[in-house]
Amino acid sequence: MRVYLVGKRRAITNWLEDTEAGLRAAGHEVRCGILRNPSLAPTLNRWLLAEAAGAPLTRLMAARMRAFRPHVIIVISAFSAPVAALARLRRAAQGAPVVGWVGDIFDESHRLVSELFDLVAYTDRRFLGLHAQLGLKPRAIFLPHAVSHADRQPPATPRDPAMAFVANPTPGRLALIKAVNAPLALYGAGWSAGEHPAHQVFARRYSPLEVQQLYARHAAVLNIRHELNVLSGLNQRNFAPCLQGATLITDWQDDLGQCFEPGEEVLAYRNADELNELYARVRAEPDFAARIGARGQARVLGEHLFGHRLERLRAELGLASG
């Protein structure tokens, strides 16, 4: 299929780049329309999108999209996209369906942008209820995050027994980290070694490739949801560590059972005591941890690649598979 992706380069989640790589790895033709180019100054980027200035960037994107003739247009982090730019791209769609993929919580203020989509795909099942509660017009489906097979890294032998957590700190995450008994390896620019003397702290930014390599290096990876952004959904850290064969130890979310078999493919905790018990077990029983990691990896490779997500969209939209 020919897929036109719309989104922001080098966003903190790398969602656009991951989707592009994953769909290419699955054999699809992909082009991207970039709403935010990090090589440009923010004021210049806004001017290039502004309707008052003639929207030169959006007009160029629309022309390239028409020439590409996509079967489907997918907008990443869709509800944060500029309404005027999306409206212009929709007019240039030539009948191709426009899909919004949404991973963050939203509200009434997103009504106008939602109406530019034929279908909205949510990474969080409870967002479907919010969508209905707000009376948003487009059809909505549950479409979890995914990973790209191209990101799979050679695993370390042996793996580092310290559980890795690669994320930005939030109040909820900080509270839980302080309750973990065994040392963790905390990766990310927001962490402070002085605040976490019991853990290893590596306080810098990590590239997407480096993050993949970290997951392949550690025996276990911790996931703690961002409490401000989701209701019941999974984030990318529910899938990316499994791709690398690491044992994922994640907080319980209602959507977890929709994507994995907890206790067999991933390990889930509901409180700090359960987290400490699980971490102690994977440290004491490396064969057990390796089995969980292998099963989680198999589930991801079998069901949670970007190619699988596009196939779901193709079926929902009634598109041919060519």
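See the structure shown above.
Note that this is a predicted model, so its numbers are computed, not measured. (Residues numbered from 1 in each chain as written. Predicted model: local features only at pLDDT ≥ 70, side-chain atom pairs only at ≥ 80, totals over all residues. Heavy atoms only, no water.)

*Asks:* Which parts of the structure should I look at to understand the overall build of the protein?
*Replies:* Counting its secondary structure elements, the protein contains 13 helices and 12 strands. Relative to a compact globule of 322 residues, whose C-alpha radius of gyration would be 20 Å, the protein shows 20 Å and is just as compact. Projected onto its principal axes, the C-alpha positions of the protein cover 60 × 40 × 40 Å. Evaluated residue by residue, the protein yields a buried proportion of 51% over its 322 residues. Counting every atom, the protein has about 14,300 Å² of accessible surface; 52% of that belongs to carbon and sulfur. (Helix = DSSP H or I, 4+ residues; strand = E, 2+ residues; numbered from the N terminus. Rg over C-alpha atoms; globule rule 2.2 N^0.38 Å. Buried < 20%, exposed > 50% of the residue type's maximum accessible area, 1.4 Å probe, protein only. Areas by Shrake-Rupley, 256 points an atom, 1.4 Å probe, with all protein chains shown as cover.)

*Asks:* Help me understand the side chain of Gln297 in this model?
*Replies:* Counting through the fold element by element, Gln297 comes out in helix H12 (residues 286–303). Within the structure, the side chain of Gln297 is placed 2.9 Å from the backbone oxygen of Leu243, a separation counted as a polar contact. Not counting residues within four places of it along the chain, the set of residues in contact with Gln297 comprises Arg152, Cys242, Leu243, Gln244 and Gly245. (Polar contact = N/O pair within 3.5 Å; in protein donor to acceptor, adjacent residues only side chain to side chain. Contact = heavy atoms within 4.5 Å.)

*Asks:* What is the right way to read empty space enclosed by the protein from this model?
*Replies:* Which parts of space are left empty comes out when a probe the size of a water molecule is rolled across the atoms. The tally for this structure, following the rule as stated, stands at 2 cavities of 30 Å³ or more. Its boundaries defined by the atoms lining it, the largest cavity holds a volume of some 40 Å³. What lines the largest cavity is Thr19, Leu23, Ile74, Trp101, Phe306, Arg309, Leu310 and Leu313. Put simply, the parts of the chain that give the lining of the largest cavity at least two residues each are helix H1 (15–25) and helix H13 (306–317). Partitioning the lining of the largest cavity into residue classes produces 6 nonpolar, 1 polar and 1 charged. (1 Å grid on protein atoms, 1.4 Å probe; cavity = no way out; pocket = protein on both sides within 12 Å on 5 of 7 lines; lining within 4 Å. Points joined across faces, edges and corners; volume = space filled by probe spheres on them. Nonpolar A, V, L, I, M, F, W, Y, C, P; charged D, E, K, R; others polar.)

*Asks:* What should I look at first to understand the layout of surface pockets in this one?
*Replies:* The space that makes up the second largest pocket amounts to roughly 270 Å³. Forming the boundary of the second largest pocket are 14 residues, of which Arg159, Ala219, Pro286, Ala289 and Ala290 lie nearest the centre. Elements with a minimum of two residues in the lining of the second largest pocket: helix H11 (272–284) and H12. Looking at the lining of the second largest pocket element by element, the count peaks at 6 residues for H12. In terms of residue class, the lining of the second largest pocket is built from 8 nonpolar, 4 polar and 2 charged.

*Asks:* It is not clear to me how the pattern of salt bridges should be interpreted in this structure. Could you clarify?
*Replies:* Should their charged atoms come close, side chains of opposite charge can pair. In this structure the tally under the stated criterion is 15 salt bridges. We note a salt bridge from Arg88 to Glu51, for which the minimum N-O separation is 2.9 Å. Of this pair, Arg88 sits in helix H4 (residues 83–91) while Glu51 sits in the loop between helix H2 (42–49) and helix H3 (56–68); the two residues are 37 residues apart in sequence, bridging distant segments of the chain. For Arg299, the salt bridge is made with Glu265, and the minimal N-O distance between the two is 2.8 Å. With a gap of 34 residues between them, Arg299 in helix H12 and Glu265 in the loop between helix H10 (256–259) and strand S12 (267–269) connect regions that are remote in the sequence. Residue class for Glu265 comes out buried when judged on its relative accessible area of 13%. (Salt bridge = Lys/Arg side-chain N within 4 Å of Asp/Glu carboxyl O.)

*Asks:* For this particular structure, what's the right way to read H11?
*Replies:* Think of an α-helix as 3.6 residues a turn; residues three or four steps apart then line up on the same face. Taking 1.5 Å per residue, 13 residues should reach 18 Å; H11 reaches 18 Å between its end C-alpha atoms and fits that length. The set of residues buried in H11 consists of Leu275, Asn276, Leu278, Tyr279 and Val282. For H11, the angular spread of buried residues about the axis comes to 165 degrees, placing them on one side. Turned more than 90 degrees away from the buried face of H11, the exposed residues are Asp273, Glu277 and Ala284. (Expected span 1.5 Å × (residues − 1). Arc of directions from axis to C-beta.)

Purely spatial values, then, with no claim about function.
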